[in-house]
Structures are given as C-alpha cells and as structure tokens.
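Secondary and tertiary structure notes
Here's the letter readout for the chains.
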Amino acid sequence: MPLTGHHRHYFTIEQRETLQRQLERRAAALREAIATALRATGDAQAAGLANHLEETDDEPVADLESAIEIAALEREVRELRAVESARKRLHEPDFGLCEDCEAEIPYARLSANPTAIRCVGCQTQRERGAGPAARL
Ligand SMILES: [Zn+2]
C-alpha cells in the first residue's frame with residue numbers, strides 16, 4: 001500500500017520527463033493521424049476540426065466527440081483521450097498507482113505503455129471480465 005498521510009511522487013523527475021516526452025510524441029502522432037483522416041472525409045466541419053487539432057496542443061479532446069462518429073477514428077480518438085489524460089495525471093502525486101488496487105505500477109510497464117492506469121494483475125482481470133472488446 002502507498003504511504004498515507006502525505007503525498008509523494010512515486011517516480012523520479014527524470015522518469016516522469018521521459019514518460020512525458022513519450023506521451024507528447026504519441027499525442028502529436030495521433031493528432032496528425034486524426035487530422036488527416038478528418039480532412040479525407042471532405043466534410044467542412046471535419047476539416048475545421050482538423051485545423052483546430054493541429055493549431056493547439058493543449059485542447060481538451062471533448063471537441064472530438066463529433067469526430068468519433070467517424071467509426072474509423074474511434075480507436076485513435078480513444079487513445080488520444082487516454083494519452084491526454086495520462087499527460088495530466090503525470091504531475092499528480094498518485095500517478096503510477098493502479099486505479100483499482102493502488103499498487104505501484106512498475107516503471108517498465110509505464111515506459112512500454114505510458115497510458116496504463118492499472119497494474120498487470122488488475123488489467124488482466126478487467127480484460128478477462130469484460131471480454132476483448134473492452135481493451136484499453
Ligand atoms: Zn492493481
């Protein structure tokens with residue numbers, strides 16, 4: 001169990017900075033992929049959203065709700081949302097603690113998958129319980 005009574009960061013500054021860079025790179029790649037796909041629809045509103053995505057780096061992904069109607073983008077939008085959420089959590093003291101059991105998620109796991117919010121055990125349990133469709 002994590003220490004109680006005071007907050008502490010579980011990871012070093014260097015580790016958090018590395019994860020932050022990974023998340024930023026992934027977010028940029030996803031924004032670009034989504035923007036490209038939005039433009040490809042030929043829809044004016046979608047193109048506007050694409051421009052918006054590329055202009056700002058700090059935009060809540062809520063605007064993408066309309067983009068999610070484009071089924072082909074659903075996976076990317078969902079991942080971008082997870083990436084943005086991880087970028088915010090990265091600076092909170094409980095970043096790196098499993099959402100379900102509060103165990104510390106090993107840095108190696110986060111390094112391979114910076115958006116992970118559960119330890120391997122809890123994630124496996126979820127995937128088993130909810131079926132393969134509920135992954136991520
Ligand atoms: Zn857990």
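Look up: the structure comes first, before these words.
Residues numbered from 1 in each chain as written. Predicted model: local features only at pLDDT ≥ 70, side-chain atom pairs only at ≥ 80, totals over all residues. Heavy atoms only, no water.

Quick look at the coordination of the zinc ion
For the zinc ion, the protein coordination sphere consists of Cys98 (SG), Cys101 (SG), Cys119 (SG) and Cys122 (SG), at 2.3 Å. One can describe the donor arrangement at the zinc ion as tetrahedral, given that its four donor atoms subtend angles of 103 to 116° at the metal. All donors of the zinc ion come from a single chain, and their spacing in sequence reads C-x2-C-x17-C-x2-C. Pair noted here: Cys98 is in the loop between helix H3 (74-89) and helix H4 (107-112) and Cys122 is in helix H5 (residues 120-130), with a separation of 24 residues, a long-range link. (Donors = N, O, S within 2.8 Å, 3.2 Å for Na, K, Ca; no water. Tetrahedral: all angles 85-135°; square planar, octahedral: opposite > 155°, others 65-115°. Helix = DSSP H or I, 4+ residues; strand = E, 2+ residues; numbered from the N terminus.)

Some thoughts on the pattern of salt bridges
All told, the structure shown has eight salt bridges when counted by the stated rule. The partner of Glu79 in a salt bridge is Arg26, with the nearest N and O atoms 2.7 Å apart. Taken as a pair, Glu79 in helix H3 and Arg26 in helix H1 (residues 13-40) lie far apart in primary sequence, 53 residues in all. On the basis of relative accessible area, Glu79 is assigned to the buried category, the value being 16%. Of the charged contacts, one joins Arg78 and Glu74 as a salt bridge, the two residues approaching to 3.2 Å between their closest N and O atoms. Of this pair, Arg78 and Glu74 are both found in helix H3, four residues apart, which corresponds to roughly one turn of the helix. Since its relative accessible area comes to 33%, Glu74 is described here as partly exposed. (Salt bridge = Lys/Arg side-chain N within 4 Å of Asp/Glu carboxyl O. Buried < 20%, exposed > 50% of the residue type's maximum accessible area, 1.4 Å probe, protein only.)

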